[in-house]
Amino acid sequence: MLDFLHALLLYEANGFLVLTYVFWEHLAGILVLASFGFFTARAPAGQRAWTVGAGTLALLAAFLAPTPAPFLLAAMSLAGVAAVLLDRFNPDALRWRITGGLTLYALAALAHLGYQTDLAGVDAAAWAQAIGGQGEASAALARGQAFVETLGAWGLWLILPLGYFSLLAQVLLAHPAAEREAG
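Residues numbered from 1 in each chain as written. Predicted model: local features only at pLDDT ≥ 70, side-chain atom pairs only at ≥ 80, totals over all residues. Heavy atoms only, no water.

### Topic: the overall build of the protein
Line of reasoning, step 1. A count of helical and extended segments in the protein gives eight helices and zero strands.
Line of reasoning, step 2. The order of α-helices and β-strands along the protein, N terminus first, is α-α-α-α-α-α-α-α.
Line of reasoning, step 3. At 23 Å, the protein has a C-alpha radius of gyration far larger than the 16 Å of a compact globule built from 183 residues.
Line of reasoning, step 4. On the principal axes, the C-alpha backbone points of the protein span a range of 70 × 65 × 30 Å.
Line of reasoning, step 5. Across the 183 residues of the protein, 29% fall into the buried class. (Helix = DSSP H or I, 4+ residues; strand = E, 2+ residues; numbered from the N terminus. Rg over C-alpha atoms; globule rule 2.2 N^0.38 Å. Buried < 20%, exposed > 50% of the residue type's maximum accessible area, 1.4 Å probe, protein only.)

### Quick notes on helix 3 (residues 45–64)
Line of reasoning, step 1. Look at helix 3: 29 Å from first C-alpha to last across 20 residues, which is about the 28 Å you get at 1.5 Å a residue.
Line of reasoning, step 2. All of the buried residues in helix 3 are Thr51, Ala54, Gly55, Ala58, Ala61 and Ala62. In an axial view of helix 3, the angular spread of the buried residues amounts to 120°, which keeps them on one side of the axis.
Line of reasoning, step 3. Turning to helix 3, the residues buried within the fold contact helix 2 (27–42), helix 4 (69–86) and helix 5 (91–120). (Expected span 1.5 Å × (residues − 1). Arc of directions from axis to C-beta. Contact = heavy atoms within 4.5 Å.)

### Focus on a nonpolar patch on the surface
Line of reasoning, step 1. A grouping of Trp154, Trp157, Leu158, Ile159 and Leu162 is seen on the molecular surface, where their side chains present a nonpolar patch of about 560 Å² in accessible area.
Line of reasoning, step 2. Structurally, Trp157 is set in helix 7 (residues 134–172). (Patch = residues over 30% accessible without salt bridge, like charges linked within 9 Å, V, L, I, M, F, W, Y side chains within 5 Å. Areas by Shrake-Rupley, 256 points an atom, 1.4 Å probe, with all protein chains shown as cover. Salt bridge = Lys/Arg side-chain N within 4 Å of Asp/Glu carboxyl O.)

Written as structure tokens, this is what we have:
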């Protein structure tokens, strides 16, 4: 009986550890899902389908895109929720702009993932025949890949998130605090 209880305790502990690991591994996607649930609940009936579609794209990006894009998307989503809750003047317009910004970022992350997947399937030998030699094909592929990877890293890790956060700051700081409290 003691062995049975020991085995049961081990199975329970391992199950809890697996659930904890899966939750941690997918935390970015869970946060994005919760954020879009908030946006959808606050959206007028005519915008709900668009918000659900945008949330689906963001969720795909959060689960499929390489790191750090999912975490940046989760941070952007949570900041968007906070901004909508803080905005006293036009939270509906801000929510719509946030949804658009997150959709743009999700599309960029998925496009970058698609490019990486497509590039992994390129046959260097076929390129070598088309270009005129193995060395030229390898060099051309390496230069093209390095260029697009650099653009993708700058865009996904810096330019798009900073543009999004500056949009949020602009909206929240557009009105003086005293005016916000009085309104």
